[in-house]
Amino acid sequence: MIMFRGWWHVVPDEERQQWLLEPFVGVGPLRFGMSPGEVADAMSGLTAEVERHTRRREVDANVYTVVEGKYPEFGLHLYYRVLPG
C-alpha cells in the first residue's frame, strides 16, 4: 500500500497520537498563548525534533521575536503573537 509522503509520513489512525481539541483553550499538550520555550517543553516528550523558528526584528528593537514555529516532521505549524513594546 502506498501512503502519502509529502510534508510528513502519514501513519494509520491506530498508530497516531490522539490529541483532544479544546476550543479556545488548546490542542493536545499545547495551549493558546504559550511561548516558544513552553511549546518546546511540551513537545520534548513527544518528538526529538527541534522547533524551527522564523524570527522578526522591529526596526528600532535590539532583539528578535519568534513569530512562527514549525515541527515539519511532526506536521505542526505554530504562530506566535508578538506584543508591541
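Before reading on, note that the structure itself is shown above.
Quick summary incoming for the structure in this document.

Conventions and cut-offs
Residues numbered from 1 in each chain as written. Predicted model: local features only at pLDDT ≥ 70, side-chain atom pairs only at ≥ 80, totals over all residues. Heavy atoms only, no water. Helix = DSSP H or I, 4+ residues; strand = E, 2+ residues; numbered from the N terminus. Buried < 20%, exposed > 50% of the residue type's maximum accessible area, 1.4 Å probe, protein only. Contact = heavy atoms within 4.5 Å. Areas by Shrake-Rupley, 256 points an atom, 1.4 Å probe, with all protein chains shown as cover. Pairing = 2+ DSSP bridges. Axes fitted to C-alpha atoms, helices over the stretch in contact; angles between N-to-C directions. Salt bridge = Lys/Arg side-chain N within 4 Å of Asp/Glu carboxyl O. Lys, Arg positive; Asp, Glu negative; His and termini not counted. Polar contact = N/O pair within 3.5 Å; in protein donor to acceptor, adjacent residues only side chain to side chain.

This part is about the overall build of the protein. Assigned secondary structure in the protein consists of 1 helix and 6 strands. The order of helices and strands in the protein, counted from the N terminus, is β-β-β-α-β-β-β. Looking at the 85 residues of the protein, the share that counts as buried comes to 19%. At a minimum sequence separation of 6, the contacts of the protein that also span at least 24 residues come to 30%. Counting only carbon and sulfur atoms, one obtains 57% of the accessible surface of the protein, whose full area is about 7000 Å².

Right, let's get into the environment of Met-34. Turning to its location among the elements, Met-34 is positioned in the loop between β3 (30-31) and α1 (36-43). On the basis of relative accessible area, Met-34 is assigned to the buried category, the value being 18%. A C-alpha to C-alpha distance of 9.4 Å links Met-34 and Arg-81, two positions 47 residues apart in sequence.

Let us look at the sheet that holds strand β6 (residues 76-79). If you walk across this open sheet you meet the 3 strands as β4-β5-β6, and the pairing is antiparallel. Both edges of this open sheet fall to β4 (52-56) and β6, since each of them pairs with a single strand only. The average undirected angle you get between the axes of adjacent strands in this sheet is 15°. Across 5 bridges, β4 lies against strand β5 (residues 65-71) in antiparallel orientation. The partner of Thr-54 across the bridge, within β5, is Glu-68.

This brings us to the environment of Gly-33. Inspection of the secondary structure puts Gly-33 in the loop between β3 and α1. Here the alpha-carbon distance between Gly-33 and Tyr-79, two residues 46 residues apart in the chain, equals 9.7 Å.

Further remarks concern the pattern of salt bridges. Inspection of every chain in the model, using the stated rule, returns 1 salt bridge. Between Arg-31 and Glu-22 there is a salt bridge; the shortest N-O distance is 3.0 Å. Residue classification places Glu-22 among the partly exposed positions, given a relative accessible area of 30%.

What follows covers the side chain of Glu-51. Along the chain, the position of Glu-51 falls in the loop between α1 and β4. Nearest to the buried, unbridged Glu-51 among oppositely charged side chains is Arg-55, at 8.6 Å. Among the polar contacts listed, one links the side chain of Glu-51 to the side chain of His-53, at a separation of 3.3 Å. Those residues in contact with Glu-51 that sit more than four places away from it in its chain are Pro-36, Val-39, Gly-69, Lys-70, Tyr-71, Leu-78 and Tyr-80.

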